[in-house]
Every structure is written in C-alpha cells, then in structure tokens.
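Structural overview
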Amino acid sequence: MLNKRNIEIFYLICCFVILVPISLVYSQNKELKKVTFLPLWIPQEQFAGYYMAKEKGIYEKYGLDVKILQGGVGNDIPAMLKDGIADFGVMFLYSGVIERASGMNIVNIGQIFQQSDMIFVAKKKSGIKTINDFNGKKIGIWRTVAKELTSGFLQSHNIKATIIEFDKGINLFLKDAVDIVVMMNYNEYSRMINSGINEDEVVKFKFSDYNLNFPEDGIYCMNDTYVKDPDLCKNFVKASIEGWQYSLNNIDETVKVLDKYKELAKVSYNRVHSLWMLKSMKKMLYPAKKNVGAGVLLEADFDSLSNFLYKNKFINHKPSFSDFYKGGK
C-alpha cells in the first residue's frame with residue numbers, strides 16, 4: 001500500500017525517467033556547425049582519416065557538419081581558404097611556410113604527417129648510383145606539388161640536369177622519357193611495382209636521408225577563422241585525428257569506404273595499391289623514431305624547413321613559429 005512518502009518517491013522517479021530522454025534528444029539535436037574541407041588531392045588513402053571521420057559520424061560527435069570538397073590539379077588551396085570556399089584544407093608544411101612568408105595570414109592548426117615520404121627513383125640500368133650521377137640526366141619533378149623541395153634538393157647538391165615538369169603519374173619514367181623521377185614512397189612507388197618494375201631494378205634516394213625529412217600534410221585555415229572560433233578549429237583537428245585512428249585500426253573497412261568516394265569522383269583504383277597506401281599511413285602519422293603527439297608541429301621541424309627555404313631563396317624571411325602554429329593550444 002502506497003503512503004505519502006512512497007508516492008513522492010514514485011513521482012520523482014517518473015520525472016527523472018521522462019526528463020533524461022528529453023535532455024539526450026536536445027543534445028543530439030543541437031545545430032551542427034557547417035564547415036567545408038579541401039584535401040590536397042583526389043579521394044585516396046592519403047586522406048583516409050578525414051573520410052572516415054565523416055563516414056563514422058565522428059565529426060558530428062564534435063558538433064561539426066563537414067562537407068569534403070574534391071582536391072586535385074587546379075585547386076589552389078590557399079586561394080580557396082582566403083576566398084572562403086573552404087574553411088580548412090590540407091597542405092604540405094613547406095607550402096604553409098611559403099604562404100605565410102609571402103604575407104598570407106594562414107595558420108597550421110594540426111600537423112598530421114610527421115615525416116617526408118618523398119623519394120627520387122632511377123633505374124639501375126641507367127647507371128645512376130649516387131647523387132652525383134644526377135648531373136646531365138633528365139629529371140622529372142611535379143609541376144606544382146613540392147616543386148620547391150625537389151628543386152631545392154637539386155640545388156643543395158649542385159645538380160646540373162634537364163628538368164622536366166609534369167602533373168601526376170609515372171608514365172614519363174615508365175617510358176624512359178626521364179632518367180630520374182620524384183615519387184611518394186606510399187603512392188607512386190607502389191604503382192611502379194604494380195606496373196611490372198621490380199624493386200631490385202631501381203635505386204631510391206629518400207629525401208629523409210639527405211637532411212630533408214620535412215613533415216608533409218597538415219591542416220590549415222585562415223587566422224581569422226581560428227580567432228573567430230578556436231574551439232571549432234580544435235574540434236575539427238581532434239575529430240580528424242580520431243578518424244585517422246579509426247582508419248588505421250580498420251584497414252579493410254576504410255578501403256571499402258574510400259572505394260565508394262573514388263567511384264563518385266570517377267577515380268580508378270586498385271585494391272592492392274589501396275592497401276599499400278593505407279598501411280603506409282601509420283608511419284606518416286606515428287614515425288617509429290620520432291616521439292611526437294598526433295597533430296603536433298615540432299618547432300625544430302618548423303625551424304629546419306624555414307632555414308632550408310630561406311637558404312635556397314624560396315622565402316625572404318622566416319615566419320614566427322608562434323604566429324604560424326596554433327595547434328596544441
């Protein structure tokens with residue numbers, strides 16, 4: 001039999017049961033902040049973490065509604081950030097430093113890749129064994145991506161060669177139109193192997209072996225974006241890193257998801273190559289010989305790159321690290 005005390009307790013319990021779901025619904029229905037994100041290139045495993053953060057609802061968990069734009073040749077990321085077409089974008093560290101030194105008020109809010117995976121590759125049959133053998137040869141470098149790094153590499157070693165610029169792929173190298181070509185070890189090198197060239201037929205020159213181990217992909221935005229809403233920027237980086245951690249722990253699922261985005265973008269793909277790329281990403285985010293947190297830009301890396309760019313006259317002054325890097329705060 002219910003007495004007055006029991007009735008009061010029953011009433012409180014009922015109120016609690018009713019109110020909790022209402023509060024949960026409210027938190028789930030809070031308006032998400034809409035942002036646009038521009039990768040450096042077309043959909044591929046180099047950007048797996050961002051696509052998985054969107055696919056698995058991680059961005060939403062951090063209060064973000066993210067639209068991923070398609071990158072590639074013709075997309076000027078700094079200009080698109082400046083014009084407000086994209087809120088966030090991926091750029092190599094060297095690009096960010098050059099833009100900042102040129103007067104663009106751009107900031108790095110998260111350094112995702114912590115090392116360089118760039119290499120020069122030559123066929124052994126060409127007789128090229130050392131850097132000195134580059135002299136007098138035909139060298140293929142990218143027309144836009146990392147041009148300062150590749151040309152700076154050659155300048156640093158006083159290489160006198162014929163430079164042939166191209167946009168993408170390795171066809172020039174496969175057809176012997178160039179003796180040496182720049183590649184990403186996690187990307188084009190795998191495509192070379194899949195094309196029928198064995199690893200023992202080539203010689204690699206890793207940029208990281210020549211004091212050019214500069215971090216690559218980072219997340220950038222305009223300083224105004226950061227000042228206006230620093231929490232938005234921090235949440236985008238945190239969610240992206242969580243997306244990366246998910247992708248690295250769920251390789252097969254991630255490859256399938258990326259296949260879907262590649263099909264939408266009408267990009268051809270090969271599962272063997274896709275697995276090579278994605279499995280290579282862990283060392284880019286978490287290098288074995290480098291103790292650094294996810295998304296952190298080390299001041300030593302920034303200084304080393306700035307000195308390289310300044311010495312080779314790609315910038316006329318070295319930007320301030322504290323002005324340039326806003327991550328980890």
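Placed above this text is the structure.
Residues numbered from 1 in each chain as written. Predicted model: local features only at pLDDT ≥ 70, side-chain atom pairs only at ≥ 80, totals over all residues. Heavy atoms only, no water.

Moving on, we get to the overall build of the chain. Check the secondary structure of the chain and you find 14 helices and 10 strands. Considered along the principal axes of its C-alpha atoms, the chain spans approximately 100 × 45 × 35 Å. Within the chain, the proportion of its 329 residues that are buried is 48%. Across the chain, the fraction of contacts at a sequence separation of at least 24, relative to all contacts at a separation of at least 6, is 79%. (Helix = DSSP H or I, 4+ residues; strand = E, 2+ residues; numbered from the N terminus. Buried < 20%, exposed > 50% of the residue type's maximum accessible area, 1.4 Å probe, protein only. Contact = heavy atoms within 4.5 Å.)

Turning next to the packing of helix 6 (residues 147-156) against helix 13 (residues 299-311). Where helix 6 contacts helix 13, the axes come no closer than 10 Å and their chain directions differ by 70°. Between helix 6 and helix 13, the interaxial angle falls into the category roughly perpendicular. Both helix 6 and helix 13 take part in a crossing whose hand is left-handed. Residue-level contacts link Glu148, Leu149, Gly152, Phe153 and Ser156 of helix 6 to Leu305, Phe308 and Leu309 of helix 13. Considering only residue class, the contact of helix 6 with helix 13 consists of five nonpolar, two polar and one charged. (Axes fitted to C-alpha atoms, helices over the stretch in contact; angles between N-to-C directions. Parallel < 35°, antiparallel > 145°, perpendicular 65-115°, else oblique. Left-handed = near helix turned anticlockwise from the far one by under 90°. Nonpolar A, V, L, I, M, F, W, Y, C, P; charged D, E, K, R; others polar.)

Counting residues in hydrophobic clusters, the biggest one holds 103 residues, and the most contacted among them are Phe88, Phe120 and Phe134. Here the element with the most residues in this core is helix 10 (residues 230-249); it accounts for eight residues. Discounting chain neighbours no more than four positions away, the residues touching Phe88 are Val35, Thr36, Phe37, Leu38, Leu81, Ile109, Ile219, Tyr220, Cys221, Leu232, Cys233 and Phe236. (Core = buried A, V, L, I, M, F, W, Y, C linked by side-chain atoms within 4.5 Å.)

This brings us to the sheet that holds strand 8 (residues 180-184). Pairing within the open sheet is mixed, and its five strands lie in the order 7-6-8-5-9. What marks the edges here is a single partner per strand, and that holds for strand 7 (162-166) and strand 9 (202-206). Between one strand axis and the next, the sheet turns by 30° as a mean value, whatever way the strands run. Bridging between strand 5 (residues 118-123) and strand 8 involves five bridges; their strand directions are antiparallel. If you follow Val121 over to strand 8, its bridge partner there is Val181. Where helix 6 meets the sheet, its contacts fall on strand 5, strand 6 (138-142), strand 7 and strand 8, and the angle it forms with strand 5 comes to roughly 60°. (Pairing = 2+ DSSP bridges.)

Next up on the list: the packing of aromatic side chains. In this structure the tally under the stated criterion is 21 aromatic pairs. Look at Phe88 and Phe236: their rings are 4.5 Å apart centre to centre, the planes differ by 10°, and that puts the pair in the stacked class. Remark: Phe236 occurs in helix 10 and Phe88 occurs in strand 3 (residues 88-92); sequence separation between them is 148 residues. Taken as a pair, Phe88 and Phe236 share a single burial class, namely buried. On the basis of an interplanar angle of 80° and a centroid distance of 6.3 Å, the ring pair of Phe113 and Tyr186 is categorised as edge-to-face. With Phe113 in the loop between strand 4 (106-111) and strand 5 and Tyr186 in the loop between strand 8 and helix 8 (188-194), the pair connects residues that are 73 residues apart, well separated along the chain. In this pair, the class of Phe113 matches that of Tyr186, namely buried. An aromatic cluster of three or more residues is present, and its members are Phe37, Tyr50, Tyr59, Phe88, Phe113, Tyr186, Phe236 and Trp244. (Phe/Tyr/Trp six-rings, centres within 6.5 Å; stacked < 30°, edge-to-face > 60°.)

Sheets are built from strands paired through backbone hydrogen bonds, the pairs being either parallel or antiparallel. Pairing within the open sheet is mixed, and its five strands lie in the order 2-1-3-10-4. Either end of the sheet is taken by a strand with one partner, and the two such strands are strand 2 (64-68) and strand 4. Sheet twist, expressed as the average angle between the axes of neighbouring strands with direction ignored, equals 35°. One ladder, built from five bridges, connects strand 1 (residues 33-38) with strand 2; its direction is parallel. By the bridge assignment for strand 2, Thr36 is matched with Lys67. The strands touched by helix 5 (residues 93-101) within the sheet are strand 3, strand 4 and strand 10 (217-222), with strand 3 carrying the most contacts at an inclination of about 105°.

Moving on, we come to helix 5. Burial analysis of helix 5 places seven of its nine residues in the buried class, the great majority of the element. Listed in full, the buried residues belonging to helix 5 are Leu93, Tyr94, Gly96, Val97, Ile98, Arg100 and Ala101. If you follow the buried residues of helix 5, they end up packed against strand 3, strand 4, helix 6, strand 10, helix 13 and helix 14 (321-324). Once helix 5 finishes, Gly103 follows within two positions and takes phi at roughly 110°, a positive value.

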